[in-house]
Structures are given as structure tokens and as C-alpha cells.
Amino acid sequence: DQQVKQNSPSLSVQEGRISILNCDYTNSMFDYFLWYKKYPAEGPTFLISISSIKDKNEDGRFTVFLNKSAKHLSLHIVPSQPGDSAVYFCAASEAGGTSYGKLTFGQGTILTVHP
Amino acid sequence: KAGVTQTPRYLIKTRGQQVTLSCSPISGHRSVSWYQQTPGQGLQFLFEYFSETQRNKGNFPGRFSGRQFSNSRSEMNVSTLELGDSALYLCASTAGSSYNEQFFGPGTRLTVL
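Now for a description of the structure that goes with this document. (Residues numbered from 1 in each chain as written. Chains lettered and ligands numbered in written order. Predicted model: local features only at pLDDT ≥ 70, side-chain atom pairs only at ≥ 80, totals over all residues. Heavy atoms only, no water.)

## Let's talk about the environment of B:Arg109
Its location among the elements puts B:Arg109 in strand β11 (residues 108-112). Beyond its immediate stretch of four places on either side in the chain, B:Arg109 contacts B:Arg9, B:Tyr10, B:Leu11, B:Ala87 and B:Leu88. (Helix = DSSP H or I, 4+ residues; strand = E, 2+ residues; numbered from the N terminus. Contact = heavy atoms within 4.5 Å.)

Structure follows, in C-alpha cells:
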């Protein structure tokens, strides 16, 4: 039962263009969402997050959009740079005592940005 | 501020052995979570510790255990290793409240032969 899904295993984008990474979730108890970037042989690096009370959060070149009714979120990277090439994970957490410290991750999307 | 550190970075064990992995969180962080990453299952939550108490546990067998010390450092132990335990084991720390981002260490790559 995969509660967080990233349906695109890979995405290829030209440098300078927009990268859009998508994520769907099924658990309506999720109320906080995060994006992480991961390079080989390193741990995931936190990028940006969004609470369910918002529908958009921006940080520099990164913007996350949340559509609660569709249970869908997306990460936009503008402009894309070759250094953005990595695996991107979407993650979600529930509020409440039974969910302490637990993030539920998607399977990841490999982003390749071509010069 | 130093990041999350994990030791050792690489480990090779044989079936039936046990292993202990260590994690030192970011200074001031009191919550440590552990995850297992495999190609087939992705990143899966093992357990979380806060102030030396396990507050949450994922769906892993009892062979997987952990503990946290008074300085917030954490260890996880896997007993009676199986081939399927080969994975990247990641720990992450956070200050402990509900909506804090988790910061990950580089992981320990465990290979079971």
C-alpha cells in the first residue's frame, strides 16, 4: 500500500527550462509535505516543505504547490541547472502522537538537466 | 553547525551475524529517526527516538532494534542478519516538534553475504 506515489521514474530537462516533479498521496491524514534531493552515496538533503494550510511555498528557484482536493503536490524548479541533476523524493507526515518522526516517502524521480 | 554523522559508512557482514550502527544528530536535536533504503522498497521508516524513548516504530521484525543515549546519539542493531537486510541505513534528526524538517546523515551501506 503505497501512500505516496511519484509516478514518473525519470525526467529529462534542458538547462534553463522549468522542471516539474509530481507527487500524489492517498492518506488524507497527511498534513505536512517535504521534498528532498539525493545524490548517490549521500543522504537526502531537505529542499522545501509545505503545510496543508497553504497551497504554495517558494524558496528561490524552488516552488512547491499543494492541491489538497486532488491529493497532489508538485515541485517546480526554475530555471533548471545541471547541478540539479539528482533523485528527488516527495515525503509526507501526519500530525499526532502515532506519527512521531515518521516520514512516508515516494519512490523518487531521477531528474537529469542537460547543458 | 555540524551535520548528522553516521558510522561506519560501509559494513560487510555474513548471514546470522549481528550489527550495530551509530548516529550522532545535529547539536540540539533531540529526535532521531532511522530509515532503511532498498531498491525494491524505497525509503522505509524503522523507528524514532526522543529523549531516550522510542516513540514510534515501523513495520519491521523484532530483529531490528535501537536505543538513544542521554546525549541524543542513537544506535540501531540488527540481529541474525539476513541477505535481505542489505541496504542503506539512514538516520535523520530534528528538533522534535511536529512540523520540523528532518536532516539526514550520509547513511551506512550494509552488505550481508
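Let us keep going from here.
## Observations concerning the environment of B:Gln54
Residues and elements named next belong to chain B. Here Gln54 shows up in strand β6 (residues 53-57). Sequence separation of Gln54 and Ser65 is eleven residues, and the distance between their C-alpha atoms is 9.9 Å. When near neighbours in sequence (up to four residues on either side) are disregarded, Gln54 contacts Phe47, Glu48 and Tyr49. Side chain to side chain, Gln54 and Tyr49 meet in a polar contact 2.9 Å long. (Polar contact = N/O pair within 3.5 Å; in protein donor to acceptor, adjacent residues only side chain to side chain.)

## Quick notes on the state of the cysteines
What the rule picks out here adds up to two disulfides over all chains. A:Cys23 shares a disulfide with A:Cys90; S-S distance 2.0 Å. Classification of the bridge connecting A:Cys23 and A:Cys90 rests on its S-S torsion, roughly -70 degrees, and on that basis the disulfide is left-handed. Highlighted residues: A:Cys23 in strand β3 (residues 19-25) and A:Cys90 in strand β9 (residues 86-94), separated in sequence by 67 residues. Each member of the pair, A:Cys23 together with A:Cys90, is buried. The disulfide partner of B:Cys23 is B:Cys91, and the S-S distance across this bridge is 1.8 Å. When the S-S torsion is 70 degrees, as for the bridge of B:Cys23 with B:Cys91, the disulfide is right-handed. One end of the pair, B:Cys23, is in strand β3 (residues 19-24); the other, B:Cys91, is in strand β9 (residues 87-94), and 68 residues separate them in sequence. Classification of B:Cys91 by relative accessible area gives buried; the value is 0%. (Disulfide = S-S within 2.5 Å. Buried < 20%, exposed > 50% of the residue type's maximum accessible area, 1.4 Å probe, protein only.)

## Brief notes about the interface of chain A and chain B
Across the boundary between the two partners, chain A contributes 22 residues, which contact 21 residues of chain B. Approximately 1800 Å² of surface area, both sides summed, lies buried where chain A meets chain B, with 56% of it carried by carbon and sulfur atoms. Our enumeration of links across chain A and chain B arrives at zero salt bridges. For the interface between chain A and chain B, the tally reads nine residue pairs in polar contact (both at pLDDT 80 or more). Tallying contributions element by element places strand β4 (residues 30-38) of chain A first for the side of chain A that touches chain B, with five residues. Considering only residue class, the side of chain A that touches chain B consists of eleven nonpolar, seven polar and four charged. (Buried area = accessible area lost by both parts, 1.4 Å probe. Salt bridge = Lys/Arg side-chain N within 4 Å of Asp/Glu carboxyl O. Nonpolar A, V, L, I, M, F, W, Y, C, P; charged D, E, K, R; others polar.)

## A few points about the nonpolar core
Core analysis: the biggest nonpolar cluster contains 23 residues, and A:Phe33, A:Trp35, A:Leu73, A:Leu75 and A:Tyr88 have the highest contact counts within it. Residue assignment for this core shows that the elements contributing at least two residues are β3, β4, β5 (45-51), β7 (62-67), β8 (72-77), β9 and β11 (109-114) of chain A. The element best represented in this core is β9(A), accounting for four residues. Other than its neighbours up to four places away in sequence, A:Tyr88 contacts A:Gln6, A:Leu21, A:Trp35, A:Tyr36, A:Lys37, A:Leu47, A:Leu75, A:Ile77, A:Gly108, A:Thr109 and A:Leu111. In terms of nonpolar packing, the next biggest core, distinct from the first, is built from 21 residues, B:Val4, B:Cys23, B:Leu46 and B:Met76 among them. (Core = buried A, V, L, I, M, F, W, Y, C linked by side-chain atoms within 4.5 Å.)

## Focus: the pattern of salt bridges
Scanning all chains against the criterion turns up seven salt bridges over all chains. Measuring nitrogen to oxygen at the nearest pair gives 3.7 Å for the salt bridge that ties A:Glu58 to A:Lys56. Overall, A:Lys56 belongs to the partly exposed group, its relative accessible area being 41%. Note that B:Arg73 and B:Glu75 form a salt bridge whose closest N and O atoms lie 3.4 Å from each other. The class for B:Arg73 is partly exposed, based on a relative accessible area of 25%.

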